[in-house]
Amino acid sequence: MISEMKVRFWLLDIGYTLISNNVPRLELWGIDESGRRVLILDEMFRPYFYVKLSEDANPEDVFLKLKNLSKLGSPILKVDVVKRKYFGREITVLRVVCRNPRSVPEYREDVLKIAGVEDFLEADIRYSMRYLIDHQLTPCGWHEVEAIERENSGNIKVDKVYEALRPPKPVEDTKIPDLKVMAFDIECYNPRGAPNPEKDPVIIISVVTNTGDKRQFLADDHNDKDMLKEFISYVQEFDPDIIVGYNSNRFDWPYLMERCKTLGIKLSVGRNFSEPHTSTYGHISVTGRANIDLLDYAEELYEVKVKTLENVAEYLGVMKKSERVIINKLEISKYWDDREKRKTLLEYAMADAVSTLGIAEEILSFVMQLSSIVGLPPDQVLSASVGFRVEWHLMRHAYLDGELAPNRVERKHVPYKGGLVLKPKMGIHENVIVYDFSALYPNIMINYNVSPDTYVPPEEVKEGEEYFVAPEVGHRFRKHPPGLYKKALKKLLEARKAIREEMKSLDPESPEYRILNSRQLAIKVIANATYGYAGWVGARWYIKPVAEATTAWGREIIRRTIKIAKDLGLEVIYGDTDSVFIKMDSKKAELFEQKVEQLFGLDIKPEKLYKRIFFTEAKKRYAGLLEDGRIDVVGLEVVRGDWSEIAREVQEKVLEIILKENSPVRAAEYVRDVISKLERREIPYEKLIIWKTLGKKLDEYKVEAAHVVAAKKLLETTGFLEVGGKIGFVVVKGGEKLAEKVMPYNMATYDDIDINYYVEKQIIPAALRILKAFGYDEKSLKTKKRQVSLFEFMKK
DNA sequence: GCCTTGAAGTTACCG
DNA sequence: ACCGGTAACTTCAAGGCG
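Rules used in this analysis
Residues numbered from 1 in each chain as written. Chains lettered and ligands numbered in written order. Predicted model: local features only at pLDDT ≥ 70, side-chain atom pairs only at ≥ 80, totals over all residues. Heavy atoms only, no water. Helix = DSSP H or I, 4+ residues; strand = E, 2+ residues; numbered from the N terminus. Rg over C-alpha atoms; globule rule 2.2 N^0.38 Å. Buried < 20%, exposed > 50% of the residue type's maximum accessible area, 1.4 Å probe, protein only. Contact = heavy atoms within 4.5 Å. Areas by Shrake-Rupley, 256 points an atom, 1.4 Å probe, with all protein chains shown as cover. pLDDT = per-residue confidence, 0-100. Core = buried A, V, L, I, M, F, W, Y, C linked by side-chain atoms within 4.5 Å. Near = heavy atom within 4 Å. Polar contact = N/O pair within 3.5 Å; in protein donor to acceptor, adjacent residues only side chain to side chain. Expected span 1.5 Å × (residues − 1). Pairing = 2+ DSSP bridges. Axes fitted to C-alpha atoms, helices over the stretch in contact; angles between N-to-C directions. Nonpolar A, V, L, I, M, F, W, Y, C, P; charged D, E, K, R; others polar. Salt bridge = Lys/Arg side-chain N within 4 Å of Asp/Glu carboxyl O. Phe/Tyr/Trp six-rings, centres within 6.5 Å; stacked < 30°, edge-to-face > 60°. Lys NZ or Arg CZ within 6 Å of the ring centre and 35° of its normal. Parallel < 35°, antiparallel > 145°, perpendicular 65-115°, else oblique.

**Some details on the overall build of chain A**
Broken down by element type, chain A carries 22 helices and 29 strands. What you see for chain A is a C-alpha radius of gyration of 30 Å, in line with the 28 Å of a compact globule of 796 residues. With respect to the principal axes defined by its C-alpha atoms, chain A has extents near 95 × 80 × 55 Å. Here chain A, with 796 residues, has 54% of them falling under the buried criterion. Sequence separation of at least 24 residues holds for 67% of the intrachain contacts in chain A that already meet a minimum separation of 6. Summing over all exposed atoms, chain A offers an accessible surface of approximately 36,600 Å²; the carbon and sulfur share of this is 49%.

What follows is the structure in structure tokens.
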């Protein structure tokens, strides 16, 4: 008996297949309210794109010619003349509906040859994304669909299969179903450095699940065929909703895929028993599951400088480095071949999988919220760059408005002015309050309706229309109606405000609170990135004046804010883009806040109070002591990943002594002490490593930079480069230029180290950055012993 | 030919 | 493959000097 029913489901993954006759069928993979895994099929939706006509074209003529393009097999099903908006203006376009999603790229080219056709639009939006947007479905959100149950032929790994009778509709609900998460990590035999899947077996696959399962699949010495099969069976048996790995999109999955191909094994881990495949934004897609690479998340953790799994796990409080085994990647083969050492290797491999699951448990909530706001499935949202995330978010708003998305075009990069930065008043200041505008750029875009579809170029200015006119640059924006950016941002900021309000009544330990907190953070990320998107030449909705006007208003606002403070007799010590640092004066503070808020209609908040704060003569570099005793360090070497740890540590300690004890003398003594310790080689070797990102291919560099030389040596001897493109090197004796004195850190010993370099180019500059303001110079920081020896050296 | 100087290349930070 | 503003270091080549 076939009966119609309503199914509520939470959307995890989406895909499509072509069934008979090139008809596409959407596959929505989800979880229903009872926790059943479900697949919903929808055969009703057809791909389409738009045709934009030239000014003088007759829609009917084009319409007829278009119909003639239709090819057998993958025909054009329908052409409609419809009204849409393009950059805020009404236009008439043709909507071309096809049968096969894959024929869209072909038809869009054919269409260009017709007279009267100016361009195609929205012809590069993937079919499944089109479906989500048009029906307002959100990944990681709940929906309801009227459907009939279909028989599961057994080759699909779900509890129920349904066929949709009508498109699903979104349902408001914030809860997250219980998801099965599997973390995995592979180790490969690598006797020659980088392993090669055509030769080198996978020796260990470690798996940890959020249901408490922990196991390892091991090769039989160098034969991995059986263990790979066992792993595949295990995945199907455990049947995870989410698979997480670390660097798995670029290493584990591609290696497994290649390896299985070599061995003639089908890596059928999908819910339809398909194999993983490379998909958009370089992620690996596993049908019916969300495969997430946690390294993509780690890339955005700027506090973690070297993004190894161990470092990220430690930073997130998942696993301390001191409490786990760490072995050198290059020695994996040795550990494997040695019966005793193999135990250690297994422990190491398991620690990796355990940390991977731990990281996932910390961040998945955020990933799911980001996914639902942006509208990209959870397996894509992290691998998509910030620009694309913002763009997908805007696409949803545009669709609701009938606004067509412009094509992606190549443009020349033309720079424009950004935020205003004040020169700081050098030295120590007491009781400094930092005010900043919350969400300055988003609010500017809202208040002045700054948007691609409200921008009016000078030649299009009309009498009687009302405009906001940007200071300095003079760009105009229509006051009405609200533009795309304004609508999108307003919704984000209002939602965030409401969420933060709701959070106040919840227990911070509760799951509800954590979900809401992730959501408000995800909203903040997208709102803050929208200005950056507006100034990105690669953006669909790029219009330079939009970005340029936003920063111009920003500069004007901050300038006038400074003036208000000064007029009230407040001392302004520093400011950067949306902040002002003011010498505290509680009598005038309230008046200041009132005046600013009244004048601009923006919130200005006292964000921080520094008991003591130190500024160098340079912008964007300072350190301040907060009331609770913590020290904020901004921009200085302490927070830079490309200085040795010893230099950073010395500077941090110097700042602490200066800010807490107010004693430059003691700080200088401390510096001399560290220098003499280093001369006695009492500083751990690890603290001498300097890490730098390898930003491009080795042969693209125009100068022989130190880390490039180190990278070349690394490549020659080991055959691979470290995770995240970071090269760790030390400076050794011999040679004139720095580039002649570098060695990958694991290819040198303490005896090779050029102590002098670390004293003069690392420790002293870092310390002097602070101590110079107190009258110290290079000589006064060196140990007595060194001054003499250096003097004698000069005499020779 | 040697030394000084400044431009260019490079990275990583701030908001 | 989000923006501009900024600091700081190293390399490299031009320019000055003799």
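**Regarding the confidence of the model for chain A**
The share of residues in chain A with pLDDT of 70 or more is 98%, and the mean pLDDT across the chain is 95. Between residues 785-796, whose pLDDT stays under 50, and residues either more than four places distant or in other chains, the model counts eight contacts.

**Some remarks on the nonpolar core**
Within the largest apolar cluster, 134 residues are counted, with the highest numbers of intra-cluster contacts made by Tyr 485 and Phe 592. For this core, the element with the most residues is helix 9 (residues 339-374), which contributes 14 residues. Apart from the residues lying within four places of it in its own chain, the contact partners of Tyr 485 are Leu 394, Met 445, Val 450, Ser 451, Pro 452, Tyr 533, Ala 534, Trp 541 and Val 546. Core analysis: the second largest hydrophobic core is formed by 58 residues, Val 638, Ile 689, Tyr 750 and Tyr 776 among them.

**Remarks on the protein's contact with DNA strand B**
Looking at DNA strand B, there are 21 residues lining it, with Asp 578, Lys 620, Gly 635, Arg 640 and Tyr 701 nearest. Protein-adjacent atoms of DNA strand B, using a 4 Å cutoff, are sugar or phosphate at a proportion of 91%. Measuring from a phosphate oxygen of DNA strand B, one finds a backbone N or O atom of Lys 702 at 2.8 Å.

**Examining helix 11 (residues 386-401)**
Side chains three or four residues apart in an α-helix point the same way, a direct result of the helix having 3.6 residues per turn. For helix 11, built from 16 residues, the straight-helix expectation of 22 Å at 1.5 Å per residue is met to within 8% by its first-to-last C-alpha distance of 23 Å. Turning to helix 11, its buried residues are Gly 387, Arg 389, Val 390, Glu 391, Trp 392, His 393, Leu 394, Met 395, Arg 396, His 397 and Ala 398. For helix 11, the secondary structure elements touched by its buried residues are helix 3 (127-134), helix 9, helix 10 (378-381), helix 13 (484-503) and helix 14 (511-534). The first or second residue beyond helix 11 is Gly 402, which carries a positive phi of 70°.

**Description of the sheet that holds strand 29 (residues 742-744)**
Read across the open sheet, the three strands follow the order 27-28-29; overall the sheet is antiparallel. The open sheet has two free edges, formed respectively by strand 27 (690-693) and strand 29, since each of these has just one partner strand. In this sheet, neighbouring strand axes are inclined to one another by 45° on average, regardless of whether the strands run parallel or antiparallel. Alignment of strand 27 against strand 28 (residues 726-731), held across four bridges, turns out to be antiparallel. Bridge pairing in strand 28 places Lys 692 opposite Ile 727.

**Here's the deal with helix 4 (residues 225-238)**
Over its 14 residues, helix 4 extends 20 Å from the first C-alpha to the last, a length consistent with the 20 Å expected when each residue adds 1.5 Å. When helix 4 is considered as a whole, its buried residues turn out to be Met 227, Leu 228, Phe 231, Ile 232, Tyr 234, Val 235, Gln 236 and Phe 238. Contacts made by the buried residues of helix 4 are with strand 11 (181-188), strand 12 (202-209), strand 13 (214-218) and helix 5 (248-263). Looking one or two residues beyond helix 4, the residue adopting positive phi is Asp 239, at roughly 60°.

**So, the pairing of strand 17 (residues 290-293)**
If a strand is regular, its side chains alternate between the two faces of the sheet. Burial of strand 17 is two-sided: the residues Ala 290 and Ile 292 facing one way and the residues Asn 291 and Asp 293 facing the other way are all buried. Across four bridges, the pairing between strand 14 (residues 242-245) and strand 17 is parallel. Bridge assignment links Gly 245 to a residue of strand 17, and that residue is Asp 293.

**Some details on the sheet that holds strand 20 (residues 467-469)**
The sheet built from three strands is open, its strands ordered 19-21-20 with antiparallel pairing. The sheet is open, and its two edges are formed by strand 19 (455-456) and strand 20, each paired on a single side. In the sheet, strand 19 pairs with strand 21 (residues 476-478) via two bridges, with the strands oriented antiparallel. When the sheet's bridge partners are listed, Val 456 is paired in strand 21 with Arg 476. Docked against the sheet, helix 15 (residues 544-567) engages strand 19, strand 20 and strand 21, running at close to 100° with respect to strand 21.

**Considerations on the protein's contact with DNA strand C**
Around DNA strand C, a shell composed of 28 residues is seen, among which Ser 385, Gly 418, Lys 619, Lys 737 and Ala 739 lie nearest. The contact in question runs from a sugar or linking oxygen of DNA strand C to an N or O atom on the backbone of Gly 418, over 2.7 Å. Between DNA strand C and Arg 621, the relevant distance is 3.3 Å, taken from a phosphate oxygen to a side-chain nitrogen or oxygen of the residue. Counting only elements with at least two residues in the surface near DNA strand C, the list comes to helix 11, helix 14 and helix 20 (755-771). No other element matches the four residues that helix 14 contributes to the surface near DNA strand C. Grouping the amino acids of the surface near DNA strand C by side-chain chemistry returns 14 nonpolar, seven polar and seven charged.

**Quick look at the environment of Lys 307**
Following the sequence through the fold, Lys 307 ends up in the loop between helix 6 (294-298) and helix 7 (309-315). Of the residues examined, Lys 307 reaches a relative accessible area of 11% and is grouped as buried. Only 2.4 Å separates the side chain of Lys 307 from the backbone oxygen of Val 304, close enough to count as a polar contact.

**A word on the pattern of salt bridges**
Considering all chains together, one arrives at 63 salt bridges under this definition. Note that Glu 340 is salt-bridged to Lys 343, the shortest N-O span being 3.4 Å. Within this pair, Glu 340 and its partner Lys 343 are both found in helix 9, separated by three residues, close to a single helical turn. By relative accessible area, which is 56% here, Glu 340 ends up exposed.

**Structural notes on the packing of aromatic side chains**
Scanning the model with the defined rule gives 32 aromatic pairs in all. Their ring planes at 85° and their centres at 5.6 Å tell us that Phe 388 and Trp 536 sit as a pair that is edge-to-face. Here the residue Phe 388 occupies a position in helix 11, and Trp 536 occupies one in the loop between helix 14 and helix 15, the gap between them amounting to 148 residues. Given a relative accessible area of 29%, Trp 536 falls into the partly exposed group. Geometrically, the ring pair formed by Tyr 574 and Phe 615 is tilted, given 5.2 Å between the ring centres and 50° between the ring planes. Linking Tyr 574 in strand 22 (residues 572-575) with Phe 615 in strand 24 (residues 604-615), this pair joins segments that are 41 residues apart in sequence. Its relative accessible area of 1% is what places Tyr 574 among the buried residues. An aromatic cluster of three or more residues is present, and its members are Phe 184, Phe 217, Phe 231, Tyr 234, Phe 238 and Trp 253. Lys 180 extends its terminal NZ or CZ atom over the ring of Phe 238, reaching a point 4.9 Å from the ring centre. If you follow Lys 341 out to its NZ or CZ, it ends over the ring of Tyr 335, 4.7 Å from the centre.

**Re the packing of helix 9 against helix 11**
Look at helix 9 against helix 11: their axes get within 8 Å of each other, and the N-to-C directions meet at 45°. With respect to helix 11, the element helix 9 is oriented oblique. For the pair helix 9 and helix 11, the contacting residues are Leu 370, Ile 373 and Val 374 in the first and Arg 389, Trp 392, His 393 and Arg 396 in the second. Per-class residue counts for the contact of helix 9 with helix 11 are four nonpolar, one polar and two charged.

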